[in-house]
Amino acid sequence: MSIEGKRVLITGGGTGVGADLARGFAAAGAEVVIAGRRLAPLEDVAARVGASAVTADVTDEESVVAMFAAAGPCDIVIANAGAAESAPLGRTTLAQWNAMMAVNLTGVFLTFRAGLGQMKGWGRLIAVASTAGLKGYAYVAPYAAAKHGVVGLTRSLALEVARKPVTVNALCPGFLDTEMTARSVANIMDKTGMDAAAARASLEATNPQKRLIQPAEVTAAALWLCANGSEGINGQAIAIAGGET
């Protein structure tokens, strides 16, 4: 099976891992559609890699339906859109909790449900989760809870589609070298007084390889899940974290 000619929809495709996924799948010959809330970064990525762009809010059911209508039938659906905030649980408001659940868990549910519903044959559903879905991290309890939910959703849906030519898997990278981690570095600097190098090193230290994961490593794993020989990989939460979990 070749990815060439397959249509892939990538949510959160305007920045970070989503942008790299768009690059990688386009280079492999796929027809790429990227989606997100902000049109400008989507158009920038689309122009650079040769993709199409669709604005959508994955937390809104009607918007997700419209996203797939605009994209057309998709063989590969990658639920990558997400966001992170940090605070002690005692200072976390219900609004903050609900926001983390909406984008990181409900968004995957809506994307997977609509994506599966329009698949007529072979298909791949991939969630970009996090090592936070496999373990705990202090000060990001809502984010970790949502990512644990993504792993549970992935494993459950994988059993539902097991007799079909469709697989469902989650990729769980550790701290990534992306804009989201840059914001985490800034937050650590603000809260602790560390300089940028020390703040970055504190995140790198979570990885036994003492480095941040590169977006291209996530893309390589996603491409593998869509390649010939991946048929038996179903319901897995694959850590990309240098041995952290």
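Here is a short report on the structure shown in this document. Remember, it's a predicted structure, so these values are computed and weren't measured experimentally.

What counts as what
- Residues numbered from 1 in each chain as written.
- Predicted model: local features only at pLDDT ≥ 70, side-chain atom pairs only at ≥ 80, totals over all residues.
- Heavy atoms only, no water.
- Helix = DSSP H or I, 4+ residues; strand = E, 2+ residues; numbered from the N terminus.
- Buried < 20%, exposed > 50% of the residue type's maximum accessible area, 1.4 Å probe, protein only.
- Arc of directions from axis to C-beta.
- Contact = heavy atoms within 4.5 Å.
- Polar contact = N/O pair within 3.5 Å; in protein donor to acceptor, adjacent residues only side chain to side chain.
- Pairing = 2+ DSSP bridges.
- Right-handed = clockwise from strand over helix to strand, strands pointing away.
- Axes fitted to C-alpha atoms, helices over the stretch in contact; angles between N-to-C directions.
- Left-handed = near helix turned anticlockwise from the far one by under 90°.
- Nonpolar A, V, L, I, M, F, W, Y, C, P; charged D, E, K, R; others polar.
- Core = buried A, V, L, I, M, F, W, Y, C linked by side-chain atoms within 4.5 Å.

1. Some thoughts on unusual backbone geometry
For step 1, the next point in the chain: One non-glycine residue, Tyr-139, lies in the positive phi region at around 75°.
For step 2, the next point in the chain: Mapped onto the elements of the fold, Tyr-139 is located in the loop between strand 5 (123–128) and helix 5 (141–160).
For step 3, the next point in the chain: Of the residues examined, Tyr-139 reaches a relative accessible area of 54% and is grouped as exposed.
For step 4, the next point in the chain: A positive phi angle is found at Lys-210, which is not glycine, with a value near 60°.
For step 5, the next point in the chain: Along the chain, the position of Lys-210 falls in the loop between helix 7 (196–204) and helix 8 (215–225).

2. Observations concerning helix 3 (residues 61–71)
For step 1, the next point in the chain: For helix 3, the complete set of buried residues consists of Ser-63, Val-64, Met-67, Phe-68 and Ala-71. The buried residues of helix 3 all sit within an arc of 135° when viewed along its axis, so they share a single face. When the buried face of helix 3 is taken as reference, the exposed residues oriented beyond 90 degrees from it are Glu-62, Val-65, Ala-69 and Ala-70.
For step 2, the next point in the chain: If you follow the buried residues of helix 3, they end up packed against strand 1 (7–11), strand 2 (31–36), strand 3 (52–55), strand 4 (76–79) and helix 4 (94–117).
For step 3, the next point in the chain: Here helix 3 starts with a cap whose side-chain oxygen sits 3.2 Å from the backbone nitrogen of Glu-62, and that cap is Asp-60.
For step 4, the next point in the chain: After helix 3 finishes, the residue Gly-72 shows a positive phi value of roughly 85°.

3. Details of the pairing of strand 2
For step 1, the next point in the chain: The buried fraction of strand 2 amounts to 5 of the 6 residues, a majority that puts the element mostly inside the structure.
For step 2, the next point in the chain: Taken together, the 5 bridges between strand 1 and strand 2 define a ladder with parallel strand orientation. Of the residues in strand 2, the one forming a bridge with Thr-11 is Ala-35.
For step 3, the next point in the chain: Tracing the backbone out of strand 1, into helix 1 (residues 16–27) and back to the parallel element strand 2 gives a crossover that is right-handed.
For step 4, the next point in the chain: Summarising the sheet, strand 2 and strand 3 pair through 4 bridges and their orientation is parallel. Note on strand 3: the bridge partner recorded for Gly-36 is Thr-55.
For step 5, the next point in the chain: Between the parallel elements strand 2 and strand 3, the chain passes through helix 2 (residues 39–49) in a crossover that is right-handed.

4. What to know about the packing of helix 6 (residues 179–192) against helix 7
For any two helices packed against each other, one specifies the crossing angle of their axes together with the interaxial distance.
For step 1, the next point in the chain: Running from N to C, helix 6 and helix 7 cross one another at 120°; their axes reach a closest spacing of 9 Å. Taken as a pair, helix 6 and helix 7 cross one another with a handedness that is right-handed. Along its contact with helix 6, which presents Thr-181, Ser-184, Val-185, Ile-188 and Met-189, the element helix 7 presents Ala-196, Ala-199, Arg-200, Ser-202 and Leu-203.
For step 2, the next point in the chain: Partitioned by chemical class, the residues of the contact of helix 6 with helix 7 number 6 nonpolar, 3 polar and 1 charged.

5. Some details on the environment of Met-100
For step 1, the next point in the chain: Assignment of secondary structure puts Met-100 in helix 4.
For step 2, the next point in the chain: Separated by 62 residues in the primary sequence, Met-100 and Ala-162 place their C-alpha atoms 30 Å from one another.
For step 3, the next point in the chain: Not counting residues up to four positions away in its chain, the partners in contact with Met-100 are Ala-83, Ala-84, Glu-85, Leu-105, Pro-142, Tyr-143 and Ala-146.

6. Here's the deal with the sheet that holds strand 7 (residues 237–240)
Neighbouring strands of a sheet are bound in pairs by backbone hydrogen bonds; such pairs are parallel or else antiparallel.
For step 1, the next point in the chain: Here 7 strands make up an open sheet; going across it, the order is 3-2-1-4-5-6-7 and the pairing parallel. Bordering the open sheet on either side are strand 3 and strand 7, each of which pairs with just one other strand. Here the average twist between neighbouring strands, direction ignored, is 20°.
For step 2, the next point in the chain: Of the pairings in the sheet, the one linking strand 1 to strand 4 comprises 3 bridges and is parallel in character. For Leu-9, the partnering residue across the bridge sits in strand 4 and is Val-77.
For step 3, the next point in the chain: Lying over the sheet, helix 8 contacts strand 5, strand 6 (166–173) and strand 7, oriented at roughly 165° with respect to strand 6.

7. Side note on the environment of Met-101
For step 1, the next point in the chain: With respect to the secondary-structure elements, Met-101 resides in helix 4.
For step 2, the next point in the chain: Given the relative accessible area of 15%, Met-101 is considered buried.
For step 3, the next point in the chain: Taking the C-alpha atoms as reference points, Met-101 and Arg-113, 12 residues apart in sequence, are found 16 Å from one another.
For step 4, the next point in the chain: Setting aside residues no more than four positions away along its own chain, Met-101 makes contact with Thr-106, Pro-142, Ala-145 and Ala-146.

8. Digging into the nonpolar core
For step 1, the next point in the chain: In terms of nonpolar packing, the biggest core is built from 31 residues, with Leu-9, Met-67, Phe-68, Phe-112, Leu-125 and Val-168 touching the most fellow members.
For step 2, the next point in the chain: Elements with a minimum of two residues in this core: strand 2, helix 3, strand 4, helix 4, strand 5, helix 5 and strand 6.
For step 3, the next point in the chain: Apart from the residues lying within four places of it in its own chain, the contact partners of Met-67 are Leu-9, Thr-11, Ala-35, Val-54, Ala-56 and Thr-111.
For step 4, the next point in the chain: Grouped together as the second largest cluster of nonpolar side chains are 29 residues, Ile-3, Ala-19, Leu-42 and Val-45 included.

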